[in-house]
Amino acid sequence: MPDKKTAENALEPMSKIQVKFIVNNKDINVTVPVTYTLLDILRYELKFTGTKEGCGMGECGACTVIMNGELVTACLVLASSLEGKNVITIEGISEMPSAKPIIDSFVKHASVQCGFCTPGMVVASYALLSKYESPTNQQILDGLAGNICRCTGYTKIVEAINEAAVELSKNKKAEVK
Amino acid sequence: MKTTKKTNHYSVVGTKATRVDAYDKATGRAKYVDDLAFGDMLHAKMVYSKIASGKIKKIDKTKALAMAGVISVVTADQITGQNKIGCVVDDQPLLANEVVRFIGEPVAIVAAATRQIAEAAAELVEIEYEPLEAVLDVEESLTEKIKVHPKSNIVCHYKVRKGDPIDEAFKKSFKTFEKTFTINYQEHLYLETQGCIAVPDSADGVTVYGSMQCPFYVQGAVSVALGLPLSKVRVIQCVVGGGFGGKEDVPSEYAAKAALMAKITGRPVKMILDRAEDLMISSKRHPMKMEYKLGITKKGKINALKVRVLGECGAYITISTVVLFRTSVHFGGPYIIPNVHGDVIGLYTNKVPCGAYRGFGTPQVIYAMESMINMVCNEMGYDPFEFRKNNALKKGALSITSHKIKESCGFIETLDKAKKESEYDKRRKEFEKWNNDPANATYKGIGVSSVMYGMNLGAKGWFMDKAGAHIQIMRDGSITLCVGNVEMGQGAQTILSQIAAEALGCEISAINFTNVDTNIIPDSGPTVASRTTVMSGNAILDAATKLRKKLIGAASEQLKIKSNEVMAKHGKFYSLKDPNKLISFKELVNKCYFANIGLSEMGYFVSPKIDYNMETGQGEPYYVYSYATDVAEVEVDRRTAMVKVNKMTCAHDIGKVINPALASAQVEGGVAQGLGYAIMENMVSDKGQIKTLGLSTYVIPAVTDVPEVNTVFVEEKSKDGPYGAKGLGEPSLMPVVGAVANGIANAVNHQFDHVPVLPEKIWEVLKDKHESEAK
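This one's a predicted model, so the numbers in the text were calculated from it and none came from an experiment.

(A) Inspection of the overall build of chain B at higher detail. Summing up its helical and strand segments, chain B has 20 helices and 32 strands in all. Relative to the 2.2 N^0.38 estimate, which gives 28 Å for 775 residues, the radius of gyration of chain B is 27 Å and therefore close to what a compact globule would have. Over its C-alpha atoms, taken along the principal directions, chain B stretches across nearly 90 × 80 × 50 Å. Evaluated residue by residue, chain B yields a buried proportion of 61% over its 775 residues. In chain B, the proportion of contacts linking residues at least 24 apart, taken out of those at least 6 apart, comes to 80%.

Okay, here's the thing in structure tokens:
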């Protein structure tokens, strides 16, 4: 909860900021309050509501997106640090043919329950499988350690990633042939 | 995942059907309440009491109202209906008017153009209090020196009296065991915080969209707060980001506030709690103090049990009276005990209200009871499985409430399966050897816990135990299905689609599930008590049976065969004698359309009647029970005392398993939540102020914390369940705490009397152990 000072500041017209960056390969140019985070911009300005807010404190991973190739929690990225950045959200990932095996595997393995952590999980899984073709169990655990799920107990999420890794490497081999 | 009976006679029920909601959720397309927006929508925030107890002297809205972008600040005096929100007892105001009773109690609501402005303005509402002394502890509450509410601090007192006077019974025991246990809060921590949107209708009604388990509770609460007839309050459930009981009665509080603000401003109002607010004010699992005394005969039979439980309800009852009823029915576990004397007392304190949480007042006492049994086995030298089997509830026997178990009791089979699947004897020996080797860095242990759990709402809520379903088959063969219970992640829409598809003879893909809408479906009670598969499943069967009769009649006419010769499966209606004689579901439905055969039906189901005496705590509290036995393998670091749960074996009797993949998923999730409760989740409260207001201080299991889970099912069918099903949602969590606690006891040779079992407590024991070994 903000103190009175930030409250008053939030109302001054000067406290807006213009940012130009890229989301899912599209150029974005928005003017938003300086207090806005990447998560606020995605959800409330750009209507990319697939990225969820679970805690707003960088602790749950529900708002995980990829920024300049790295996983970030969008709720901790301030608008002022976005200039020129390249952001990929769940909406972008779900359009990518290379992510289809991951999503299909989540669906097939019942890795989804309430689904609120799932977009963040899929983004983290995509980043993980982009880094390692056949991740070890430890690499999977490390890759998902920042994403909290309260429903599934994670077992079926790890199963889904393992199968997606196999599918993805099959696809790659097919491409080489 | 293994099931005992391998044959499945059904075409859709019993298969690993794909979750119908998974794709939308995995791609981010599923719409949760905060993903919705309406034109001209305002954002609301609550103003909370900062003191645990006191009188409100003055509320000054001036500064808040002066802020640009603030539209309205609403206090109790502006409530158009009644200022009450109590779900079962009328003790809680929608907005505090004269007194505040806990830190976080809402006093005012602020609405503004943006969430940020509303948050800031809420801080500017000035409330002047006259602080009063607060009641912060159940023992203190019991003295009644300070009263939280005018009448009494005692919220409820449930008694169970069975057999001889208990002191006489203990005289006949060969050995008696006594121990007092305490257990902390647990927070649901659904990933999606509480939230709703209220939209005013043109005809002075209101439509509420929200994250909730009980749309009909929300409808009732909004109707009372606004003074509107129920028919003018429409509640539409959004995709729900987890509930676990936390979205049973609590969403009514926020929906009624948002609706009030919507009515006053004439604009749509969104109210979404942030995580810290949600942790501070939403209801929790009851902390309890549990005094147990157990008497054992020479033959290893439990002959007497005396229990006294003090449950902390917090400042308002919410649904504590129903939660603690369950405590009183289940504190003795799934055992035959001839003499029982139990008192379960709920008490007010000036702290956050406690309420519904998966297992509903039962995991606490199961932990205590199963710890007692572990102590008995260790001291008297019994094998934990043999002892439990020797005392196990079975068909024809009486439960602690003298409920004669007539059907569907697979408890002993869960014990056998759990023992076999966990390789208990072998592992226990291995661990003993491991623990005796000083070179090892850890101690290993294995623990057992069992549970029985009453299905549906039981004697305390039978009047609400009904459910409706609506099925409409469109003329192209696609189907809309709507029920009154909520999909909150547990898989209800998939399970219920399977039941509908089985009964209608269509493919699951033909079914389009509609979220609960109170304008479509009659009051179906809450989505709680592991009741959805049974209640909505049976309501669907009622509707589907009517439709199936019409479809079979039409098929018999089309195929020119007798109606008892018609089979329906996987979207085809065909002749039993000649399967080539067939008509597709789609074509058949189209014929019905042109023949003016209506294919829209409402189904309804009422829970079986039961008979229970609230004075003696004797009778049938529930119509049937699920049973489970869990085995936990744990490892304790000898230097840091950190605990790792390596493996859980979970054997569940849930009647017919409708979807084995989703059932095992439910168990895995329950295991994670249960182990968090057992060893990690430590809510810290200081003078009524919760200090753990984020996930870095209230730590729940991450992927690195969870064990391997081996789930086994026992399918003791229930005659009143759809296809013989019972419930699983809560039993999946309930035995976990006891099994983990007993595993730790086995590893370090000490039965802990408090949950969560934190490393610092284990360390004290290890330190003594190491010191004595050094001597």
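Structure's up, so let's keep going.
(B) How the structure looks around the nonpolar core. Val 110, Ala 258, Ala 259, Ile 540, Val 740 and Ile 744 of chain B are the most contacted members of the largest nonpolar core, which totals 321 residues. Discounting chain neighbours no more than four positions away, the residues touching Val 740 of chain B are Gly 447, Ala 632, Val 634, Val 645, Leu 675, Ala 678 and Ile 679 of chain B.

(C) Here's a closer look at the domain arrangement of chain B. All names here are of chain B. Partitioning chain B into domains gives domain 1 (2-29 + 466-606) and domain 2 (407-455 + 622-774). Computed from C-alpha coordinates alone, the two centres of domain 1 and domain 2 are separated by 37 Å. Facing 23 residues of domain 1, the contacting portion of domain 2 comprises 23 residues. When contributions to the side of domain 1 that touches domain 2 are tallied by element, the ones reaching two or more residues are strand S1 (2-3), helix H15 (492-504) and helix H16 (532-559). Of the residues assigned to the side of domain 1 that touches domain 2, the class counts are 7 nonpolar, 11 polar and 5 charged.

(D) Molecular detail of the domain arrangement of chain A. All names here are of chain A. Parsing chain A into structural domains produces domain 1 (4-89) and domain 2 (96-176). Once you take the C-alpha centre of each, domain 1 and domain 2 turn out to be 25 Å apart. Residue contributions to the side of domain 1 that touches domain 2 peak at 3 residues, all from strand S3 (residues 64-67). Per-class residue counts for the side of domain 1 that touches domain 2 are 6 nonpolar, 5 polar and 1 charged.

(E) Up close: the pairing of strand S17 (residues 442-454) of chain B. Residues and elements named next belong to chain B. In terms of burial, S17 is a largely internal element, 12 of the 13 residues being buried. By the bridge criterion, 13 bridges tie S17 to strand S27 (residues 625-637) in an arrangement that is antiparallel. Following the sheet pairing, Ile 446 is matched in S27 by Glu 633.

(F) Up close: the confidence of the model for chain B. All names here are of chain B. For chain B, the average pLDDT comes to 97, and 99% of its residues sit at 70 or higher. Note on residues 1-5: pLDDT under 50 across the span, and 13 contacts to partners over four residues away in sequence or across chains. The complex prediction reports pTM at 0.96, with the ipTM value standing at 0.97.

(G) Highlighting the sheet that holds strand S15 (residues 302-314) of chain B. Residues and elements named next belong to chain B. If you trace the 6 strands from one edge of the open sheet to the other, you get S8-S16-S15-S14-S9-S32, paired in mixed fashion. Only two strands of the sheet have a single neighbouring strand rather than two, namely strand S8 (154-162) and strand S32 (754-755). Bridge count for strand S9 (residues 175-183) against S32 is 2 bridges, and the pairing is parallel. Within the sheet, the bridge partner assigned to Thr 182 lies in S32 and is His 754. Helix H9 (residues 320-330) rests against S8, S15 and strand S16 (339-348) of the sheet, and its axis sits at about 20° to S8.

(H) Broad picture of the sheet that holds S3 of chain A. All names here are of chain A. The sheet built from 5 strands is open, its strands ordered S2-S1-S5-S3-S4 with mixed pairing. In this open sheet, the two edge strands, each paired with only one partner strand, are strand S2 (26-33) and strand S4 (70-73). Strand-to-strand, the axes of this sheet are offset by a mean angle of 40°, without reference to chain direction. Two elements, strand S1 (residues 16-23) and S2, share 8 bridges in a ladder whose sense is antiparallel. Its bridge partner lying in S2, Ile 22 is registered against Asp 27.

(I) Representation of the packing of helix H5 (residues 118-131) of chain A against helix H6 (residues 137-144) of chain A in the model. Residues and elements named next belong to chain A. Packing of H5 against H6 leaves a shortest axis separation of 9 Å and a crossing angle of 135°. Classified by the angle their axes make, H5 and H6 are oblique. Regarding H5 and H6, the two cross each other, and that crossing is right-handed. Together, Met 121, Ala 124 and Leu 128 of H5 and Ile 140, Gly 143 and Leu 144 of H6 make up the contact between the two elements. Grouping the amino acids of the contact of H5 with H6 by side-chain chemistry returns 5 nonpolar, 1 polar and no charged.

(J) Looking closely at the interface of chain A and chain B. Contact residues are listed per partner, giving 48 residues for chain A and 52 residues for chain B. Elements with a contribution of two residues or more to the side of chain A that touches chain B: helix H1 (4-9), helix H3 (90-93), helix H4 (100-108), H5, H6 and helix H7 (155-176) of chain A. If you tally residues by element for the side of chain A that touches chain B, the top one is H4 of chain A, at 4 residues. Split by residue class, the side of chain A that touches chain B holds 28 nonpolar, 13 polar and 7 charged.

(K) View of helix H17 (residues 585-594) of chain B. Residues and elements named next belong to chain B. Along H17, the positions that sit buried rather than exposed are Phe 585, Leu 588, Val 589 and Cys 592. One face of H17 carries all of its buried residues, which in axial projection span an arc of 100°. Considering only its buried residues, H17 is in contact with strand S18 (466-473), H16, strand S22 (572-575) and strand S23 (582-584).

(L) A look at the confidence of the model for chain A. In this model, chain A carries an average pLDDT of 93, and 92% of its residues clear a pLDDT of 70 or more. Here residues 1-10 of chain A is a poorly scored stretch, pLDDT under 50, and it has 20 contacts once near neighbours within four places are set aside; other chains count.

(M) Broad picture of helix H12 (residues 411-422) of chain B. Residues and elements named next belong to chain B. Taking 1.5 Å per residue, 12 residues should reach 16 Å; H12 reaches 16 Å between its end C-alpha atoms and fits that length. Burial of H12 is extensive: 9 of the 12 residues sit out of reach of the surface. Along H12, the residues that are buried comprise Phe 411, Ile 412, Glu 413, Thr 414, Leu 415, Lys 417, Ala 418, Lys 419 and Ser 422. Summarising the contacts, the buried residues of H12 are in contact with helix H11 (384-390), helix H13 (424-436), S17, S27, strand S28 (643-653) and strand S31 (708-714). Glu 423 lies just past H12 and shows a positive phi near 50°.

Reading the values: rules and limits
Residues numbered from 1 in each chain as written. Chains lettered and ligands numbered in written order. Predicted model: local features only at pLDDT ≥ 70, side-chain atom pairs only at ≥ 80, totals over all residues. Helix = DSSP H or I, 4+ residues; strand = E, 2+ residues; numbered from the N terminus. Rg over C-alpha atoms; globule rule 2.2 N^0.38 Å. Buried ≥ 20, exposed ≤ 12 C-beta atoms within 10 Å, placed from the backbone. Contact = placed C-beta atoms within 7 Å. Core = buried A, V, L, I, M, F, W, Y, C linked by C-beta atoms within 7 Å. Domains from an automatic or database assignment. Nonpolar A, V, L, I, M, F, W, Y, C, P; charged D, E, K, R; others polar. Pairing = 2+ DSSP bridges. pLDDT = per-residue confidence, 0-100. Axes fitted to C-alpha atoms, helices over the stretch in contact; angles between N-to-C directions. Parallel < 35°, antiparallel > 145°, perpendicular 65-115°, else oblique. Left-handed = near helix turned anticlockwise from the far one by under 90°. Arc of directions from axis to C-beta. Expected span 1.5 Å × (residues − 1).

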